[in-house]
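Given next are the chains, with one letter for each unit.
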Amino acid sequence: MGRHQWYTGARRWRLTALLGVCVTALALLVTLLNTLPGRGADISGTTRDGDRAHGTPATPTGPVRPFVGWGFTHTQYSADQGGGRDRVARLLKGDGGLPQDQAVMGWGADNPEPVKGHYDFGALDRRIDFIRASGGTPVITLCCAPDWMKGGRAGVGATDWSQGSLERAPDPEHYQDFADLAATVSRRYPDVRHFVVWNEFKGFWNEAEGRWDYEGYTKLYNLVRAALKKAGPDNLVGGPYLPMDSVDPRASDASAQVRGPWGAMDQRVLDAFDYWNAHKSGADFVVVDGSSYTNDDELLPDEFAATAKFTAVGEWVRERTHGLPLWWAEYYVEPADSQDRREGWSEERRIAVHAAGLIAMARGGADSGFYWNPEKKSGTDCPGCLWTPTGDTDGGRALPMYGLLSRFSAAFPPGTRYEKVSAAPGLRVLASRDTVLVVNTLDRPVDARVDGERFRMRGYEVKWLDR
């Protein structure tokens, strides 16, 4: 009897202990649920079916190739809204569409996944609709990341749009979440076949070691690439979208190998590229960006000669990637002011230097590039813009920079074979079998002789010749 009582007591003790464990586990579960990303966050206006195909996807013509040609990037304000929208769409469509790049978050696109599993693609839908309506080849840059992937708050209206927050990379534990978002974007826009992973290594700086966190970026890149290839076998993926910074040749981080009159490459950038190139799971094309001027805004030895950097970088990259198609995601030839505005030059000078930059990129082996369009919401003054702001009723009218870019895109598509053409000092030329682009790099008129033709050119004039 005593033994039985002992046994009964033991059972009661075990039952009490079991109940205690269950209560503790339940408390832990409640705590965990309350700390999950998005728990209790505002999800109004979002949807769970973000991967449902949007609108009427355009049908790609022919095989998908790892190059797209010369186009532009949509920025904060673009042509997808306003009274001039249709005018720009017709303009672009009449010129063959031009490839067009759009970030998945930021630069005109809202937070696509404000709460995990809850999507808001309204703004991105509108941009993709415009690209379709204008006949363009769509490209999506997979940057940036929703706040809950980088230690911020989840919820509609909770997005921190400050530069410091926007440019923060996902936390490593959320790399796969970002890859899953990329796959969702791919399924939503099945006519988008070209994807660029991240933007300028934003948030991937190793402060402790004073170098790029190329290990973290490469891990993210490989996860995103795997997710995109699973979502669509025809998807083409490229990176690393590194800013190819150059410095004064005397700087401590100056490369001893990649240098010229334009300066020297920052060796830390080259190290980051080499790591990605050696450890990437694969790439369909390679993406870089950069400026012709150095990190301290020096145009060496002048604004036109500085563009030779684009050629040198292109040759260096293609040598290491064994001829992968080369894209310039962004390129700049005019230093910015403290507000990141590039408005100090006359439009004639700006276009001439920009034309020289395009020539230099083509000579370096690039077959695709995107002009960062500095569009404004409204107003008549828009230096460097492709068209007048579409926020105005009579907006959307082509500006001189559009004329250069659209003509260059049509004259020198991917696969163009360039020919040597003699030209006098002070002139820059790029020639194909059918077309010659001539740039007067001087601020005064010159008597030019190019490809057997004689003609007068104004200061900073850009001229096209048919052959």
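In case you missed it, the structure is sitting above this.
Residues numbered from 1 in each chain as written. Predicted model: local features only at pLDDT ≥ 70, side-chain atom pairs only at ≥ 80, totals over all residues. Heavy atoms only, no water.

**Quick notes on the layout of surface pockets**
No. 1: The volume enclosed by the second largest pocket comes to roughly 670 Å³.
No. 2: If you go around the second largest pocket, you meet 31 residues; those closest to its centre are T61, V68, G136, T137 and H194.
No. 3: The set of elements that each furnish at least two residues to the lining of the second largest pocket consists of α3 (122-133) and α10 (400-411).
No. 4: By residue number, the principal contributor to the lining of the second largest pocket is α10, which donates three residues.
No. 5: When grouped by side-chain class, the residues that make up the lining of the second largest pocket number 14 nonpolar, 12 polar and five charged. (1 Å grid on protein atoms, 1.4 Å probe; cavity = no way out; pocket = protein on both sides within 12 Å on 5 of 7 lines; lining within 4 Å. Points joined across faces, edges and corners; volume = space filled by probe spheres on them. Helix = DSSP H or I, 4+ residues; strand = E, 2+ residues; numbered from the N terminus. Nonpolar A, V, L, I, M, F, W, Y, C, P; charged D, E, K, R; others polar.)

**Considering empty space enclosed by the protein**
No. 1: Taken as a whole and assessed by the stated rule, the structure comprises two cavities of 30 Å³ or more.
No. 2: One number sums up the size of the largest cavity: a volume of about 50 Å³.
No. 3: The wall of the largest cavity is formed by T73, H74, D101, Q102, A103, W107, T141, C143, N199, Y241 and W372.
No. 4: Its residues assigned to classes, the lining of the largest cavity shows five nonpolar, five polar and one charged.
No. 5: Quantified by volume, the second largest cavity comes out at close to 30 Å³.
No. 6: Lining the second largest cavity, in full, are D101, V139, T141, V196, Y241, W327, A329 and F370.
No. 7: Mapped onto the lining of the second largest cavity, the elements with two or more residues apiece are β3 (138-142) and β12 (326-332).

**Some words on the packing of aromatic side chains**
No. 1: Tallied over the full model, the rule gives 26 aromatic pairs.
No. 2: On the basis of an interplanar angle of 10° and a centroid distance of 5.8 Å, the ring pair of Y119 and F121 is categorised as stacked.
No. 3: Aromatic side chains Y217 and Y221 sit 6.2 Å apart centroid to centroid with 35° between the ring planes, which places their arrangement in the tilted category. One end of the pair, Y217, and the other, Y221, are both in helix α6 (residues 214-231), four residues apart, so they sit about a helical turn from each other. Taken individually, Y217 and Y221 each receive the classification buried, so the pair is uniform in this respect.
No. 4: Through a chain of ring-to-ring contacts, three or more aromatic side chains come together here, namely Y175, F178, W198, F201, F204, W205, W212, Y217, Y221, F273, W276 and W316.
No. 5: Above the plane of the ring of W276 lies K280, whose end atom (NZ or CZ) is 5.2 Å from the centre.
No. 6: For K463, the ring lying beneath its charged end belongs to F455, and the centroid distance is 5.6 Å. (Phe/Tyr/Trp six-rings, centres within 6.5 Å; stacked < 30°, edge-to-face > 60°. Buried < 20%, exposed > 50% of the residue type's maximum accessible area, 1.4 Å probe, protein only. Lys NZ or Arg CZ within 6 Å of the ring centre and 35° of its normal.)

In short, shape yes, function no, at least from these values alone.
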